[in-house]
Amino acid sequence: MSTRGNLFIVSAPSGAGKSSLISALLKDKPSDKQVSVSHTTRQPRPGEVDGQHYHFVDVEQFKALIAQDAFIEWAEVFGNYYGTSKTVIEQTLAKGIDVFLDIDWQGGEQVKKLMPYAVGVFILPPSKAELERRLTGRGQDSQQVIDSRMAQAVSEMSHYAQYEFVIVNDDFDVALTDLNAIIRSQRLTCASQQYTHNGMLIDLLAD
Ligand code: GDP
Ligand code: ADP
Ligand code: 5GP
């Protein structure tokens, strides 16, 4: 059985819950799903682990990686650089593992151009007030950072229609069920099933 994993682009305004949804998805360390760990020049938040949440690098190291063509996409978001490294993604998909990119819309657009088979999922908060409550409740960013993220939220959300799927993260469990439904449906597309059941299809269709 040969399989190829699906590539998911997950975007949302900061605080809508995309990291929480992706972590819940990967909680039991499923062998068929993996999140891509980005490089960033942002300072680690309390509790963030280098190599697990991000690869934390300085601006000089980030620019060297750009020069080495190490990224499939990179963007400046909220004054910091963020980038997705190339090699891990192709290798992981080739093993039949689904890969999740937690990236902003600019990155999503770049990936979609290079890999049109990538499936876009946009996460929306139920309201602006709730988004601000979540950013504040997360308790990890200064008021100044929260204000700038709220100011950017409308611009990020204005790109929702470029994505194939939209999830409203109001009740967390419902949103997680929705995300799982999207993932499952992608495994059932004709193209995916042709990859997965190639041998069986040859047998079934032989005269
Ligand atoms: P369509 O086939 O006529 O719908 O249009 P395209 O071939 O241009 O795009 C295919 C799908 O990709 C559509 O559902 C678009 O909404 C979606 N899409 C376009 N741009 C982006 C993007 O930047 N990110 C993501 N995730 N999806 C996009
Ligand atoms: P993002 O990765 O999109 O910036 P997070 O996953 O860090 O967002 O979520 C922001 C905050 O909102 C976190 O404190 C998280 O626990 C909380 N949160 C996420 N989803 C929900 C939800 N459906 N209801 C209430 N709080 C939520
Ligand atoms: P945070 O600092 O809250 O972890 O992330 C801030 C924003 O940067 C989010 O919108 C997140 O999706 C985006 N982001 C994280 N990693 C990448 C990446 O590798 N590339 C791009 N383009 N955006 C990223």
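Given the structure is predicted, the values throughout are model-derived calculations rather than measurements.

J.: For this particular structure, what's the right way to read the overall build of the protein chain?
T.: Per the secondary structure count, the protein chain includes 9 helices and 9 strands. Taken against the 2.2 N^0.38 rule, which gives 17 Å for 207 residues, the C-alpha radius of gyration of the protein chain at 18 Å falls within 12% of a compact globule. The principal-axis extent of the C-alpha atoms belonging to the protein chain is close to 70 × 40 × 30 Å. Counting across all 207 residues of the protein chain, residues that qualify as buried make up 42%. Put simply, 69% of the contacts in the protein chain that link residues at least 6 apart link residues at least 24 apart.

J.: Mind showing me how you'd approach the UniProt feature "binding site: ATP" (unreviewed entry) in the protein chain here?
T.: According to UniProt, the positions carrying the feature "binding site: ATP" (unreviewed entry) are Ala12, Pro13, Ser14, Gly15, Ala16, Gly17, Lys18 and Ser19. On the secondary structure map, Ala12 appears in the loop between β1 (7–11) and α1 (18–25). Residue Ala12 is classed as buried on the basis of its relative accessible area of 5%. Leaving out residues up to four positions away in the same chain, Ala12 has contacts with Lys18, Phe122, Ile123 and Glu156. The contacts of Lys18, once residues within four sequence positions are left out, are Val10, Ser11, Ala12, Asp102 and Ile123.

J.: Can you help me understand the sheet that holds strand β7 (residues 98–102) in this one?
T.: Pairing between the strands of a sheet is mediated by backbone hydrogen bonds and can be parallel or antiparallel. Pairing is parallel in the open sheet, where 5 strands are placed in the order β2-β7-β1-β8-β9. The open sheet terminates on both sides in strands that have one partner only, identified here as β2 (33–35) and β9 (165–168). The average angle at which neighbouring strand axes cross in this sheet is 25°, direction not considered. Seen against the sheet, helix α3 (residues 86–94) touches β1, β2 and β7 and runs at an angle of roughly 150° to β7. Set on the sheet, helix α4 (residues 105–114) makes contact with β1 and β7; between it and β1 the angle comes to about 160°.

J.: Sorry if this is basic, but what is going on with α1 here?
T.: An α-helix turns once every 3.6 residues. As a result, residues three or four positions apart point the same way. When α1 is considered as a whole, its buried residues turn out to be Lys18, Leu21, Ile22 and Leu25. Relative to the axis of α1, the buried residues are bounded by an arc of 95° and lie together on one face. At its buried positions, α1 is contacted by β1, β2, β7, β8 (119–124) and α7 (172–187).

J.: Sorry if this is basic, but what is going on with the site of ligand 3 here?
T.: What surrounds ligand 3 is a group of 17 residues, the closest being Ser38, Arg42, Tyr54, Glu73 and Tyr82. One nitrogen or oxygen atom from the side chain of Asp104 is found 2.8 Å from a nitrogen atom belonging to ligand 3. Starting from 510 Å² of accessible surface for ligand 3 in isolation, the protein chains cover 97%. At the level of elements, β5 (71–77) and β6 (80–85) are the ones that each hand at least two residues to the shell around ligand 3. Classifying every residue of the shell around ligand 3 gives 6 nonpolar, 4 polar and 7 charged.

J.: It is not clear to me how the UniProt feature "domain: Guanylate kinase-like" (unreviewed entry) in the protein chain should be interpreted in this structure. Could you clarify?
T.: With numbering matched to this structure, UniProt assigns "domain: Guanylate kinase-like" (unreviewed entry) to residues 5–184. The annotated region residues 5–184 carries 42% helix and 22% strand content, and the separation between its end C-alpha atoms amounts to 12 Å.

Parameters at a glance
- Residues numbered from 1 in each chain as written.
- Chains lettered and ligands numbered in written order.
- Predicted model: local features only at pLDDT ≥ 70, side-chain atom pairs only at ≥ 80, totals over all residues.
- Heavy atoms only, no water.
- Helix = DSSP H or I, 4+ residues; strand = E, 2+ residues; numbered from the N terminus.
- Rg over C-alpha atoms; globule rule 2.2 N^0.38 Å.
- Buried < 20%, exposed > 50% of the residue type's maximum accessible area, 1.4 Å probe, protein only.
- Contact = heavy atoms within 4.5 Å.
- UniProt positions renumbered as here; feature names shortened; annotations may be inferred.
- Pairing = 2+ DSSP bridges.
- Axes fitted to C-alpha atoms, helices over the stretch in contact; angles between N-to-C directions.
- Arc of directions from axis to C-beta.
- Near = heavy atom within 4 Å.
- Polar contact = N/O pair within 3.5 Å; in protein donor to acceptor, adjacent residues only side chain to side chain.
- Areas by Shrake-Rupley, 256 points an atom, 1.4 Å probe, with all protein chains shown as cover.
- Nonpolar A, V, L, I, M, F, W, Y, C, P; charged D, E, K, R; others polar.

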